[in-house]
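Coordinates in review
Each chain, letter by letter, is given below.
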Amino acid sequence: MGKGDKKTKRGKINRGTFGVRRPRIKKKPSIETKIDINKKAIAK
């Protein structure tokens, strides 16, 4: 129940792995990528 335990969060941190106890945190897409500067409104 500690650093050597594969099933605990501390053990996952120690081994540098991911799993149910320590899932990967996915990066949210930034606002800058959603709003594209190159696409401008076309004036008629």
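Quick summary incoming for the structure in this document. This structure is a prediction, so every number in the text was calculated from the model and none was measured. (Residues numbered from 1 in each chain as written. Predicted model: local features only at pLDDT ≥ 70, side-chain atom pairs only at ≥ 80, totals over all residues. Heavy atoms only, no water.)

**Some thoughts on the overall build of the protein chain**
Formally: To qualify as a helix, a DSSP run of H or I must reach at least 4 residues; to qualify as a strand, a run of E must reach at least 2; elements of each kind are numbered from the N terminus. For the area figures, the Shrake-Rupley method with a 1.4 Å probe applies, and any residue is considered shielded solely by the protein chains shown.
Regarding its fold elements, the protein chain presents two helices and zero strands. Carbon and sulfur atoms make up 56% of the accessible area of the protein chain, which amounts to about 4,900 Å² in all.

**Brief notes about the side chain of Lys-12**
Convention followed: Burial status follows relative accessibility: with a 1.4 Å probe on protein chains alone, a residue under 20% of its type maximum counts as buried, one over 50% as exposed, and anything between as partly exposed. When charges are counted, Lys and Arg contribute as positive and Asp and Glu as negative, whereas His and the chain ends are disregarded. What counts as a salt bridge is simple: a side-chain nitrogen of Lys or Arg found within 4 Å of a carboxyl oxygen of Asp or Glu.
Structurally, the position occupied by Lys-12 is in helix H1 (residues 9-15). It turns out Lys-12 is buried and unbridged, and the closest side chain with the opposite charge, Asp-5, is 8.7 Å from it.

**Things to note about the side chain of Thr-8**
Which entries qualify depends on this criterion: Polar contact criterion, stated in full: a pair of N or O atoms within 3.5 Å, where within protein one must be able to donate a hydrogen and the other to accept it, and residues adjacent in sequence count only if both atoms are side-chain atoms. Throughout, a contact is declared for two residues whenever any of their heavy atoms are within 4.5 Å.
As for its placement among the helices and strands, Thr-8 is situated in the segment before H1. At 3.3 Å, the side chain of Thr-8 forms a polar contact with the backbone oxygen of Asp-5. If sequence neighbours within four positions are ignored, Thr-8 has contacts with Met-1, Gly-2 and Arg-21.

**Quick look at the environment of Gly-11**
Position of Gly-11 among the secondary structure elements: in helix H1. C-alpha separation for the pair Gly-11 and Met-1, spaced ten residues apart in sequence, amounts to 8.2 Å. What Gly-11 contacts, discounting residues up to four positions off in sequence, is Gly-2, Lys-3 and Asp-5.

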